[in-house]
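What follows is the residue order along each chain.
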Amino acid sequence: MRQPPGVRFPSCLTALLIVAVGGLATLALVDRDPRWLLPAAALALLWHGYRQWLLADVERRLWLDYARAVKALNQLDERAVAVAGVAGATKIFSGAHVELDVVSDEGTARRYRGDPTGTILIDPADDAPTGGELARQSLVFADEHLGELRVRLPSPVVLRPYQAAALSAYGEALAAALHNAAADRRRRTLVAETRHAATHDPLTDLLNRAALIQQGDDALRRATAEQPVALTLIDIDNFAELNETLGHGAGDDLLRLVADRLRGVQRPGELLGRTGDDEFALLAVASPVVPAPRRHRRAGPAPHALRRARQIAELLADTGEVADVRVSAEISVGVAVAEAGTVDLAELLRRADVALHQAKADGGVASYDSVRDPADTDHLTVLAELREALATDDQLVLVVQPAVDLVTGAPIGVEALIRWQHPRRGRLGPAEFVRAVENSDLLGPFTRYVIDKALAVAAEWARRGVTVPVSVNLSPRSLFDARLPLDVAELLRHHRVPAHRLVLEITETVEVSELKIIDEVLGALQALGVQLAVDDFGTGFSSLAFLTRVAVDELKVDRSFVRRMAESPEAAAVVRATIALGRELGLRVIAEGVETAEQRQVLAGLGCAAAQGYHFFRPMPADKALTVLRRLLAASGAQVLPLPADGAS
Ligand code: C2E
Ligand code: CA
Ligand code: CA
């Protein structure tokens with residue numbers, strides 16, 4: 001047991017000594033014999049010496065505890081200092097209950113209470129101290145009142161001078177430590193506030209433009225290379241006008257209102273900033289299951305992002321109350337989508353800005369289109385040259401890629417894919433020119449050209465006894481063209497190919513899902529007997545809604561799902577659901593982009609009937625394809641039709 005403070009000694013020893021000294025003294029008196037006095041005096045002296053020795057030991061141990069306790073105060077966190085302060089005091093004044101009130105910057109106090117068992121409790125210091133304490137020490141440093149330390153012992157005793165000295169010195173050390181911790185906290189708060197002020201817009205508390213760019217670039221770097229990222233720019237068109245009519249205070253209120261609503265739709269991980277006076281930006285790095293926008297994808301790059309942009313536009317246009325006046329903000333939204341590895345944030349902002357300008361011109365919401373990007377002049381050259389190519393008839397060639405039945409290995413069709421043998425630039429893929437064509441007056445002639453070539457191939461094969469369907473890719477914009485069914489009918493007649501042997505692949509897009517003309521064009525094509533396929537199925541604007549409007553014959557599972565189905569349960573679910581849907585609706589389902597035997601096996605396991613991809617065949621010239629098809633037909637036992645083929649001659 002440790003020696004408690006105060007003047008306490010083992011009481012039985014003290015009693016024994018008093019009895020012994022008293023006894024000897026009594027004997028000396030009774031016997032009138034002074035010899036008894038000598039041992040009595042010696043004992044008294046011994047007792048005194050022992051007592052002094054014990055006292056010195058207690059004091060020595062107190063200062064040792066004091067040194068340890070002061071050392072433990074050497075921390076920068078206020079709470080840690082306070083806890084160490086109380087723990088130290090309960091050691092120095094052992095057996096004591098200790099209370100420490102620490103005053104915060106706001107003037108409120110927190111109370112730390114420690115008892116001899118070492119337990120420390122922390123409460124707000126709402127009540128007055130319990131009182132009855134042995135000693136209290138006000139904690140002051142550099143004229144700043146930091147709190148109070150109170151020490152209470154089980155039985156009231158008087159503090160010895162060295163204990164009083166220890167308490168006062170400890171109080172000073174504790175005050176200094178608390179002062180340092182508070183100063184450090186203030187410094188950190190200041191740094192955080194300064195940093196926040198440097199990265200945030202003071203009016204709306206959203207990220208400012210510079211911070212959005214910096215943090216956006218960090219997010220782009222962290223994303224995996226193919227991950228799609230979408231930047232949405234939101235602009236209040238009539239802000240200047242509202243600002244003028246309602247006053248600047250109301251203008252500020254409006255901006256705050258918009259900022260708050262945007263905060264409401266912001267998802268975890270997204271960055272939201274104010275990038276201009278009346279312009280806001282939202283950066284989303286999408287989930288990996290959302291397919292990345294391939295540059296050549298005809299569907300337009302961003303059905304998901306575009307849908308979200310529309311929701312945001314509606315949300316913001318909904319009238320709000322500003323300065324007791326109902327105001328109606330006119331909102332334009334521009335969206336740019338890219339793969340994380342291909343752009344930095346400044347470029348993404350620039351593209352979203354191009355889209356925003358387009359949105360302002362057309363009204364509402366627009367996504368970035370390189371063809372309408374004034375900084376991207378390439379497409380003008382491309383178009384001029386392509387016009388020539390279409391006229392000369394020897395630069396644009398079709399290659400074909402067979403699709404096969406996964407059970408029998410028989411070919412179920414071929415897809416025609418365009419290539420441009422450019423006189424200077426060499427062989428170009430569709431990614432390098434189809435987008436430009438789609439947005440020009442060349443689309444009609446180009447589409448007719450491809451269908452013509454494809455039907456010429458089909459007719460030639462039929463003459464040689466091979467009658468597989470040929471698929472042609474259509475640009476969504478071709479579906480606005482009321483002449484298309486007439487052209488197709490004319491070409492089918494010209495080549496004498498039965499309509500059902502032509503499959504037109506369409507990709508649903510925002511436009512496809514909205515306009516009436518599309519229904520008419522698709523209806524007319526179906527009336528001809530042409531087959532329809534939904535290309536890139538699963539990536540589109542609203543696949544199921546589309547299927548209820550257009551009776552199609554085939555679904556092509558987008559290759560992004562096939563590629564990811566092994567590691568992504570979501571991608572596998574899309575593949576499985578498409579197969580089930582096809583079975584339910586009686587449609588052919590073809591998995592695209594099958595590159596490995598493993599993918600083939602997984603697909604077969606899922607009950608997928610047909611597939612296309614490098615694992616089977618790369619796109620190849622039509623004459624080579626004829627040989628391949630013949631071999632496949634023979635090997636699978638499928639019938640090779642005798643000459644002449646049905647209706648082809
Ligand atoms: P798509 O309709 O999805 O066509 C399939 C694309 O995937 C083709 O690229 C093909 O070469 C490629 N592919 C086939 N198997 C695999 C595989 O196993 N792995 C991978 N990674 N890719 C595979 P291509 O020929 O470059 O065509 C790209 C896109 O251009 C086509 O995508 C289609 O949307 C468009 N396109 C092609 N020809 C035409 C055309 O004549 N007219 C129009 N409007 N668009 C066309
Ligand atoms: Ca296709
Ligand atoms: Ca496709």
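Keep in mind that what you see is a predicted model, and the values were worked out from it rather than measured. (Residues numbered from 1 in each chain as written. Chains lettered and ligands numbered in written order. Predicted model: local features only at pLDDT ≥ 70, side-chain atom pairs only at ≥ 80, totals over all residues. Heavy atoms only, no water.)

In space, the five strands of this open sheet follow the order E7-E8-E6-E11-E12, with mixed pairing throughout. Sheet topology places strand E7 (271-276) and strand E12 (365-367) at the edges, where each strand pairs with a single neighbour. With strand direction ignored, the average angle separating the axes of adjacent strands in the sheet is 20°. In this sheet, strand E11 (residues 331-339) lies alongside strand E6 (residues 228-236) in antiparallel orientation, the contact comprising nine bridges. Looking across to E11, one finds that Ile 236 is bridged to Ile 331. Most of the contacts of helix H5 (residues 209-222) go to E7, to which it runs at about 140°, and overall it touches E6, E7 and strand E8 (279-285). Contacts between helix H9 (residues 345-362) and the sheet are confined to E6, E8, E11 and E12, with E11 contributing the most and set at about 140° to the helix. (Pairing = 2+ DSSP bridges. Helix = DSSP H or I, 4+ residues; strand = E, 2+ residues; numbered from the N terminus. Axes fitted to C-alpha atoms, helices over the stretch in contact; angles between N-to-C directions. Contact = heavy atoms within 4.5 Å.)

Reading predicted coordinates in detail is not appropriate for stretches of low pLDDT. On average, residues of the protein score 85 in pLDDT, and 89% of them are at 70 or above. Note that residues 1-8 has pLDDT below 50 and, in this model, 17 contacts with residues that lie over four places away or in other chains. (pLDDT = per-residue confidence, 0-100.)

It is the contact of helix H2 (residues 37-72) with helix H4 (residues 161-199), at a shortest axis distance of 11 Å, that shows an interaxial angle of 5°. Comparing the axis directions of H2 and H4 gives the class roughly parallel. Along the contact surface, H2 presents Val 58, Glu 59, Leu 62, Trp 63, Tyr 66, Ala 69 and Val 70, while H4 presents Tyr 162, Gln 163, Ala 165, Ala 166, Ala 169, Tyr 170 and Ala 173. By residue class, the composition of the contact of H2 with H4 is twelve nonpolar, one polar and one charged. (Parallel < 35°, antiparallel > 145°, perpendicular 65-115°, else oblique. Nonpolar A, V, L, I, M, F, W, Y, C, P; charged D, E, K, R; others polar.)

The next point concerns the coordination of the calcium ion (ligand 3). Distances from the calcium ion (ligand 3) to its protein donors, Asp 535 (OD), Asp 536 (OD), Glu 592 (OE) and Glu 592 (OE), fall at 2.3 to 2.4 Å. In terms of primary sequence, the donors binding the calcium ion (ligand 3) are separated according to D-D-x55-E. (Donors = N, O, S within 2.8 Å, 3.2 Å for Na, K, Ca; no water.)

Bringing the coordination of the calcium ion (ligand 2) into the picture now. Summarising the metal site, the calcium ion (ligand 2) is bound by the protein donors Glu 415 (OE), Asn 473 (OD1), Glu 505 (OE) and Asp 535 (OD), whose distances to it range over 2.1 to 2.3 Å. Spacing between the donor residues of the calcium ion (ligand 2) along their common chain follows E-x57-N-x31-E-x29-D. Taken as an interatomic distance, the gap from the calcium ion (ligand 2) to the calcium ion (ligand 3) is 3.9 Å; Asp 535 donates to each of them. With Glu 415 in strand E14 (residues 411-422) and Asp 535 in strand E18 (residues 531-537), this residue pair connects regions lying 120 residues apart in the sequence. As far as burial versus exposure is concerned, Glu 415 and Asp 535 are alike and both buried. (Buried < 20%, exposed > 50% of the residue type's maximum accessible area, 1.4 Å probe, protein only.)

Remark: the centre distance and the inter-plane angle together describe each pair of aromatic rings, the angle taken between the planes. Under the defined criterion, the tally for this structure stands at four aromatic pairs. Aromatic pair Trp 420 and Phe 433: ring centres 5.3 Å apart, planes at 80°, arrangement edge-to-face. A residue pair is termed long-range when its members are at least 10 positions apart, and Trp 420 in strand E14 and Phe 433 in the loop between strand E15 (426-428) and helix H11 (434-438) qualify at 13 residues. Here Trp 420 falls in the buried class, since its relative accessible area comes to 0%. (Phe/Tyr/Trp six-rings, centres within 6.5 Å; stacked < 30°, edge-to-face > 60°.)

Turning our eyes to something else, we now look at helix H18 (residues 569-585). Look at H18: 24 Å from first C-alpha to last across 17 residues, which is about the 24 Å you get at 1.5 Å a residue. Among the residues of H18, Ala 571, Ala 572, Val 575, Thr 578, Ile 579, Leu 581 and Gly 582 are the ones counted as buried. Positive phi appears at Gly 586, one or two residues downstream of H18, with a value of about 70°. (Expected span 1.5 Å × (residues − 1).)

Next up on the list: the environment of Val 574. You can see Val 574 is positioned in helix H18. Once the C-alpha coordinates of Val 574 and Thr 539 are considered, the two residues, 35 residues apart in sequence, prove to be 9.9 Å apart.

Now for the nonpolar core. The biggest cluster of nonpolar side chains holds 85 residues, and the ones touching the most others in it are Phe 433, Ile 451 and Trp 461. For this core, the element with the highest residue contribution is helix H12 (residues 443-463), accounting for eleven residues. If near-sequence neighbours (up to four positions away) are discounted, Trp 461 is found in contact with Val 400, Val 414, Val 466, Val 468, Ala 622, Ala 625, Leu 626 and Leu 629. Among the nonpolar cores identified, the runner-up in size contains 33 residues, and Leu 73, Leu 100, Tyr 162 and Ala 177 belong to it. (Core = buried A, V, L, I, M, F, W, Y, C linked by side-chain atoms within 4.5 Å.)

What follows concerns the sheet that holds strand E4 (residues 135-141). Reading across from one edge, E3-E2-E1-E5-E4 is the order of the five strands in this open sheet, with antiparallel pairing throughout. A strand with exactly one partner marks an edge of an open sheet, and here the two such strands are strand E3 (120-124) and E4. Here the average twist between neighbouring strands, direction ignored, is 15°. The pairing of strand E1 (residues 97-103) with strand E2 (residues 109-114) spans six bridges and is classified as antiparallel. Each bridged residue has a counterpart across the sheet, and for Val 103 the counterpart in E2 is Ala 109.

What follows deals with the packing of H2 against helix H3 (residues 78-92). At a minimum axis distance of 9 Å, the contact between H2 and H3 shows a crossing angle of 175°. Comparing their axes, H3 and H2 come out roughly antiparallel. Taken together, the residues of H3 that come into contact with H2 (itself represented by Leu 62, Asp 65, Tyr 66, Ala 69 and Ala 72) are Ala 84, Gly 88, Lys 91 and Ile 92. Among the residues forming the contact of H2 with H3, the class breakdown is six nonpolar, one polar and two charged.

A few words on the side chain of Lys 556. By the element assignment, Lys 556 lies in strand E19 (residues 554-557). Take Lys 556: its relative accessible area is 1%, and that puts it in the buried class. A distance of 2.7 Å separates polar atoms of two side chains, one belonging to Lys 556 and the other to Glu 505. Not counting residues within four places of it along the chain, the set of residues in contact with Lys 556 comprises Glu 415, Glu 505, Val 534, Asp 535, Asp 536, Phe 537, Ile 590, Glu 592 and Gln 612. (Polar contact = N/O pair within 3.5 Å; in protein donor to acceptor, adjacent residues only side chain to side chain.)

Before going further, it helps to examine the environment of Gly 249. Inspection of the secondary structure assignment puts Gly 249 in helix H7 (residues 248-265). Spatially, the C-alpha atom of Gly 249 lies 8.1 Å from that of Ala 323, the residues being 74 residues apart in sequence.

Within E14, ten of the twelve residues are buried, which leaves it mostly tucked inside the rest of the structure. In terms of strand pairing, strand E13 (residues 396-405) meets E14 through nine bridges, oriented antiparallel. Pairing of Leu 398 across the sheet is with Ile 418, part of E14. Counting the residues in the hairpin turn of E13 and E14 gives five residues, including Gly 409, whose phi is positive at 80°.

To continue, consider unusual backbone geometry. Both trends apply: most residues other than glycine have a negative phi, and most peptide bonds are in trans. If you check the backbone angles, Asp 143 has positive phi at about 65° while not being a glycine. Along the chain, the position of Asp 143 falls in the loop between E4 and strand E5 (144-152). You can call Asp 143 exposed: its relative accessible area is 79%. Phi at Arg 496 is positive, roughly 55°, even though this residue is not glycine. The residue Arg 496 is located in the loop between helix H13 (484-495) and strand E17 (502-506) in this model.

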